[in-house]
Protein chains: 4
Amino acid sequence: MKSEFRSFASDNNSGVHPRIIEALIKANNGHAIGYGDDDYTRKAISKIETLFGPSASAYFVFNGTGANITGLLAATYSFSAIICSETAHINVDECGAPEKFIGCKLLTIPTTDGKLTPEAIKRHLHGFGDQHHAQPRVVSISQTTELGTLYKPSEIKALAGVAHQNGLFLHMDGARLSNAAASLGLSFKEFTTDCGVDFVSFGGTKNGLMYGEAVVFLNKSLGDSYKFIRKQGMQLASKMRYISAQFLEFLTDDLYLQNALHSNKMAKELASRIQGIPEITITQPVESNGIFAIVPPAAIEELRKHYFFYVWDEDKSEVRWMTSFDTTLEDIEGFISQLKQALKK
Amino acid sequence: MKSEFRSFASDNNSGVHPRIIEALIKANNGHAIGYGDDDYTRKAISKIETLFGPSASAYFVFNGTGANITGLLAATYSFSAIICSETAHINVDECGAPEKFIGCKLLTIPTTDGKLTPEAIKRHLHGFGDQHHAQPRVVSISQTTELGTLYKPSEIKALAGVAHQNGLFLHMDGARLSNAAASLGLSFKEFTTDCGVDFVSFGGTKNGLMYGEAVVFLNKSLGDSYKFIRKQGMQLASKMRYISAQFLEFLTDDLYLQNALHSNKMAKELASRIQGIPEITITQPVESNGIFAIVPPAAIEELRKHYFFYVWDEDKSEVRWMTSFDTTLEDIEGFISQLKQALKK
Amino acid sequence: MKSEFRSFASDNNSGVHPRIIEALIKANNGHAIGYGDDDYTRKAISKIETLFGPSASAYFVFNGTGANITGLLAATYSFSAIICSETAHINVDECGAPEKFIGCKLLTIPTTDGKLTPEAIKRHLHGFGDQHHAQPRVVSISQTTELGTLYKPSEIKALAGVAHQNGLFLHMDGARLSNAAASLGLSFKEFTTDCGVDFVSFGGTKNGLMYGEAVVFLNKSLGDSYKFIRKQGMQLASKMRYISAQFLEFLTDDLYLQNALHSNKMAKELASRIQGIPEITITQPVESNGIFAIVPPAAIEELRKHYFFYVWDEDKSEVRWMTSFDTTLEDIEGFISQLKQALKK
Amino acid sequence: MKSEFRSFASDNNSGVHPRIIEALIKANNGHAIGYGDDDYTRKAISKIETLFGPSASAYFVFNGTGANITGLLAATYSFSAIICSETAHINVDECGAPEKFIGCKLLTIPTTDGKLTPEAIKRHLHGFGDQHHAQPRVVSISQTTELGTLYKPSEIKALAGVAHQNGLFLHMDGARLSNAAASLGLSFKEFTTDCGVDFVSFGGTKNGLMYGEAVVFLNKSLGDSYKFIRKQGMQLASKMRYISAQFLEFLTDDLYLQNALHSNKMAKELASRIQGIPEITITQPVESNGIFAIVPPAAIEELRKHYFFYVWDEDKSEVRWMTSFDTTLEDIEGFISQLKQALKK
């Protein structure tokens, strides 16, 4: 195993932040009641509820797909429809889990930047009460999006407005919620609860945790029977304290924010180096920790001999590079240097 | 949080073995490709395949319910039926996950000791080809059982024989598979593969891991498309290396076995102390790390002020006490002392 | 095709009542809007609502399994459990449809007569609020039962009482509801709505219709979104008028009752003849249109050369004979005569 | 109920062909074993198998949604994806039944004419073997399409070619399969089996039946366990003979074809009258029994006072008019006359 090597493939290729490791070691002390009836869990939940406001209720799950699917199940009927971007993680990266587990139809919207707009979702806001049509019930947005872009609070508010007017909930897939907070310079509450978001998948794994995400219900009408859904959904950890202890540390002294600020900063740094390279075109605004760029195919092939990363769109020769909480300036320099060599070949 | 306190509530109330913590720290080094395409995973899978024989193929998941449900889904159709004991974890402790996710009917069998027999399962081996009836497809047994009892290899072979003769698979829920190996003095292969078991849920969490279980297919006709089922089943870890690194350590120098041997030994020890107490009747043979006993209700109430544990059967005043890899003789002495005091009140 | 031959295999082996055929012919006039927005449907629903009381709301579906499953889905969550007799149609004759489509666990109760009692269901009324356990949500009874027995109004009231006290609904699978009404000498309302039944599968096919059943919600809190469940459940007929026209006729001038009275009477008649035969033991009280009897195996084999019928319990040599709206005294005489011959061989 | 009135709303608003009614009356004779074990069913299935070729195996179900969903379930895994047109019935008119019952993802393709092309489906033919992606498994086309258009045999062959090359099945939703046969002047076999179609939903209801459709598997590798899927899918009729008797008549002396030829002819007739009206633009080629046309909104509103029909696209002011087996020239004249009046207002 290549020691200390850091790629730009994904923020989930990174390791675990040292403070999180420390927290795990500290939590490893004696016995604790399983399934969440322990002090770590109570304290971590309380922290989350503080950050999202008093209406929040939080539950820990194993992973992001689990958070999205079980959370969405709590807000839908099997005959519901969920409106999302064509690029949404729930649509393209969960192997049909929404359809299988929720039974719902996803109504997808093509976008250039991964962001929904009130105008775009209106296209699917029809057929209410028509028994032949899956009934729109949730608008799901990703913050930050799968394309590294960001919703402004005003944009979220506008979407919540249209959703609520039509009797729909607004869901936020926040696998990278901390990166959004860091980029916006806002608290979680300010761009979720205060903007009308009804429930959130709050991610930890991509920002320095080992495993663990939270489903956070902000709308009091949701979540009452969520604990059954979580268990039936295979997302209830027996040794829950080890997820909770991670979140407790994550939310102490703004670790989540420091990690995200650093990761975002490294993305800007990487982007600034790339902008100087004429053969490469950055295709999305760099608003968090992801960079999308068109790179000559030969250079992609050459560079992948040294760094693993994903080709986002084969046809366009577009790649995705992600920075992480542990990305260093040296990593970037090494990468850029290799990239430049690859372009020469 | 009460430091260093150890209860007898459940082996999942225990912490993580120090060697596992060390392994996690060591694995926390640089980046690794996500979703299992890393060296830790390859090595851990290879270890498992060695222990179960060359026909085995192994996949890591988050938890025991996940292992059972996704494994069973790989072996069934929605119109299948799964035969299991009334006390099976899949029947009573998974909040309907088999029905929801697999769509299958569970055909349950009342038992006194949690164990199925060829005679007992024959009751459900009918209706083959009848379109009105869910079609029996899997016999699922727990080794060790939820009542702490154990199948002998000859018993497993007999069940596999009947299952296979009727075109069914034999599944083993091995949340405590290591305790079974320790108690039987046999390798995994000897009481799974060699006895005709077709697939196994191989547990780690209850025996000293932080989280993580494995689905192990022993029958070559199973598992081909399991990776899609795992992902759709929300059980694919992005930072997979941290589950794999735990299993790698677990299976190195017989850590899994040492933990289980100790845990089983502590149960025998605890049982021997209890047998001297006339007010208490042990109700199941102590064949692994669980003790079931009838205790006067008043004593239960008093004892639970000091120790959390589960009342197994309210009507019978029957409790369950579990030992763990970290149980000490002092723990047992303290518990017995408190129990005796409770009985005096 | 053997003309005018009538067996005692099942009331669904019978044909369609001539008045129903006439009603179908009459309804076959011009165009009607599809999916239930037609006058036949409005009138038939209104008839049903009159018969069950003003709280009733009724919806037509294709068949009995469809009525049970979609009705139950409207009253449950996926983490719910449904308590029913081991012999319930939903448990043994629907090929796992409840598990697949509702996602629910069935909690079954062994009975001798197919009838649940408050005492018996209490065994499953626990684990409320425990996230590991499927949450009891519905008690489902069959009226008449699959064993031809009948609940008295007082028995239904008692079950409804226990169900409601524990927050459960009471469902009645009324595939043979008319036979129950005929046998009890009561209106539908008197032994459903007035006894606290929350929703009913009201059968037509087994009592002289060609196809078509109704889901009738009696509890106002149920059924609001049922129309979506029906469509998603593949149970929405496009040419709905042909189901509705059948029900309209069925409920006019008590055709449903006349058919059921006749069928029940023929069962009594058949039973009285059988009681005189010493080799045969009737095993269930003959309370509707079914007779269960232990018959020597050789006689069963011989008789089945002439009449198709079901062996209910191979081990006990127990058979089921059903009478129908079109059974005649001659049919009975012919059958008894053949039966006696079979016994002689 | 308005007698003898015929609209142009839908071919399922029409009644039942007199010969079908006669067949139902004739089938109503004595008892027949339920669930398909009767001579009507055997004969009808044999007719279907003759028409589609010797590889065909046929099963009757209640309705079109049932045929599509249960047929598709037989050909897929829950992690499969089904490629279809955005306008496909399975996508827009089944209230999410595919997602709920199959668990599959629908990958939809925007079209102008409702028809898929090899080029268009290639967009979704990727991600094979990638565990994050639902695995493409079926291409589903409608013949005729929901827009009244028609695939030529060469087009079907080309789609089958691409599907098969990529390991996918080709499914045909033939709710209006007879109209396609009539329009193409070909036997069913020639544009299904001979073109590589793997399974078909063969519709009867929209072409003169009361109820009933067939699932026809043409690929021998499909359908083995379909009978369990049909029952679990709530689509198994107990009095099956009444569906079978309809199909038997339908397929005798080409009734299906006569009905469809007439219906198609009436559509051409209606279209030819409309083409003379300058305010109206026909938007799709009239290749079967449907006409799509842009009509001034005021005229739509006026005309709907007299005739019920569907507005297909509110934004474009586009309506759908369907002819039926019972449409007469007088109906068309009456309709055109009313339409002209509506345009004057």
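Everything below is about the structure printed above this text.
Note that this is a predicted model, so its numbers are computed, not measured.

What counts, and at which threshold
- Residues numbered from 1 in each chain as written.
- Chains lettered and ligands numbered in written order.
- Predicted model: local features only at pLDDT ≥ 70, side-chain atom pairs only at ≥ 80, totals over all residues.
- Heavy atoms only, no water.
- Salt bridge = Lys/Arg side-chain N within 4 Å of Asp/Glu carboxyl O.
- Helix = DSSP H or I, 4+ residues; strand = E, 2+ residues; numbered from the N terminus.
- Buried < 20%, exposed > 50% of the residue type's maximum accessible area, 1.4 Å probe, protein only.
- Least-squares fit on C-alpha atoms with pLDDT ≥ 70 in both.
- Contact = heavy atoms within 4.5 Å.
- Buried area = accessible area lost by both parts, 1.4 Å probe.
- Polar contact = N/O pair within 3.5 Å; in protein donor to acceptor, adjacent residues only side chain to side chain.
- Nonpolar A, V, L, I, M, F, W, Y, C, P; charged D, E, K, R; others polar.
- Disulfide = S-S within 2.5 Å.
- Pairing = 2+ DSSP bridges.
- Axes fitted to C-alpha atoms, helices over the stretch in contact; angles between N-to-C directions.
- Phe/Tyr/Trp six-rings, centres within 6.5 Å; stacked < 30°, edge-to-face > 60°.
- Lys NZ or Arg CZ within 6 Å of the ring centre and 35° of its normal.
- Arc of directions from axis to C-beta.

J.: Is there a simple way to explain the pattern of salt bridges in this structure?
T.: Proximity of charged atoms lets side chains of opposite charge pair with each other. In the structure shown here, the tally under the stated rule is 52 salt bridges over all chains. Two residues, Glu 249 of chain C and Arg 19 of chain C, come together in a salt bridge whose shortest N-O distance is 2.7 Å. Linking Glu 249 of chain C in helix α11 (residues 241-250) with Arg 19 of chain C in helix α1 (residues 18-27), this pair joins segments that are 230 residues apart in sequence. On the basis of relative accessibility, which here comes to 26%, the residue Arg 19 of chain C falls in the partly exposed class. A network of salt bridges, in which partner residues are shared, links Asp 37, Asp 39 and Arg 42 of chain A.

J.: I keep staring at the relation of the copies chain A and chain B and nothing clicks. Help me out?
T.: Note: a rotation about an axis with an accompanying shift along it relates these two copies of the chain. Aligned on chain B, chain A shows an RMSD of 0.0 Å; the corresponding rotation is 180 degrees and the shift along the axis is 0.0 Å. Expressed as a symmetry operation, the mapping of one chain copy onto the other fits a two-fold axis. By residue overlap, the copies meet face to face through one surface: 100% of the interface positions of chain A are interface positions in chain B.

J.: Is there a simple way to explain the interface of chain A and chain B in this structure?
T.: Frequently, the measure chosen for interface size is the accessible area that the parts lose on association. Between chain A and chain B, the residue contacts involve 59 residues of the former and 60 residues of the latter. Of the roughly 5200 Å² buried between chain A and chain B, counting both surfaces, carbon and sulfur atoms make up 57%. Counting every contact that joins chain A to chain B gives zero salt bridges. Run the count over chain A and chain B and you get 36 residue pairs in polar contact (both at pLDDT 80 or more). Sorting the residues of the side of chain A that touches chain B by element identifies α1 (18-27), α2 (39-52), α3 (64-74), α5 (97-102), α10 (226-232) and α11 (241-250) of chain A as the ones contributing at least two each. Tallying contributions element by element places α3 of chain A first for the side of chain A that touches chain B, with five residues. Its residues placed into classes, the side of chain A that touches chain B shows 24 nonpolar, 23 polar and 12 charged.

J.: Looking at this structure, how should I read the state of the cysteines?
T.: Between two cysteines, a covalent bond joining their sulfur atoms is known as a disulfide. Evaluation of the coordinates by the stated rule reveals zero disulfides over all chains. With no disulfide of its own, Cys 95 of chain A lies closest to Cys 104 of chain D among cysteine sulfurs, the gap being 10 Å.

J.: Explain the sheet that holds strand β1 (residues 57-61) of chain D to me, please; I cannot follow it from the model alone.
T.: Residues and elements named next belong to chain D. In spatial order, the strands read β1-β7-β6-β5-β4-β2-β3; together these seven strands make up an open sheet with mixed pairing. Unpaired on one side and paired on the other, β1 and β3 (105-109) mark the two borders of the sheet. Within this sheet the neighbouring strands show an average axis-to-axis angle of 20 degrees, counted without direction. Bridge count between strand β6 (residues 199-203) and strand β7 (residues 213-217): five bridges; the pairing is antiparallel. Bridged to Gly 203 within β7 is Glu 213. Running at roughly 130 degrees to β1, helix α2 (residues 39-52) makes contact with β1, β6 and β7 of the sheet.

J.: Just checking my understanding: could you explain the packing of aromatic side chains for this structure?
T.: The description of an aromatic ring pair uses the distance of the two centres, along with the angle that the planes make with each other. Within the structure shown, the criterion is met by 98 aromatic pairs over all chains. Summarising the aromatic geometry, the rings of Phe 309 of chain A and Trp 321 of chain A are spaced 5.8 Å apart at their centres and angled 75 degrees between planes, so their arrangement reads as edge-to-face. With a gap of 12 residues between them, Phe 309 of chain A in the loop between α13 (297-303) and β10 (310-313) and Trp 321 of chain A in strand β11 (residues 318-322) connect regions that are remote in the sequence. Judged by its relative accessible area of 0%, Trp 321 of chain A is buried. The cationic tip of Lys 115 of chain D hangs over the ring face of Tyr 151 of chain D; the distance from NZ or CZ to the ring centre is 5.6 Å.

J.: Any chance you could explain the interface of chain B and chain D here in plain terms?
T.: Each partner contributes to the interface: chain B provides 18 residues, whereas chain D provides 18 residues. Summing both sides of the interface, chain B and chain D together bury roughly 1600 Å²; the carbon and sulfur share of this comes to 58%. Its largest share of buried area at the contact with chain D, chain B owes to Phe 79, Gln 131 and Phe 228 of chain B, together 42% of the area lost on that side. Summed over the shared surface of chain B and chain D, the number is six residue pairs in polar contact (both at pLDDT 80 or more). Per-class residue counts for the side of chain B that touches chain D are five nonpolar, nine polar and four charged.

J.: Help me understand α1 of chain A in this model?
T.: Along an α-helix, a turn takes 3.6 residues, which lines up residues three or four apart on a common side. By the burial criterion, the buried members of α1 of chain A are Ile 20, Ile 21, Ala 23, Leu 24 and Ala 27 of chain A. On an axial view of α1 of chain A, the arc spanned by its buried residues comes to 160 degrees, and they lie on one face. With respect to the buried face of α1 of chain A, the exposed residues turned more than 90 degrees away are Pro 18 and Lys 26 of chain A. Where α1 of chain A is buried, its residues touch α2, α11 and α12 (255-275) of chain A together with α1 (18-27) of chain B.

J.: I would appreciate a short explanation of the environment of Gln 284 of chain C in the present structure.
T.: Residues and elements named next belong to chain C. Its place among the elements puts Gln 284 in the loop between β8 (281-282) and β9 (290-294). Since its relative accessible area comes to 10%, Gln 284 is described here as buried. For the pair Gln 284 and Gly 114, spaced 170 residues apart in sequence, the C-alpha to C-alpha distance is 9.7 Å. The contacts of Gln 284, once residues within four sequence positions are left out, are Thr 112, Asp 113, Leu 147, Thr 149 and Phe 292. Here Thr 112 takes part through its backbone oxygen, which lies 2.7 Å from a polar atom of the side chain of Gln 284.

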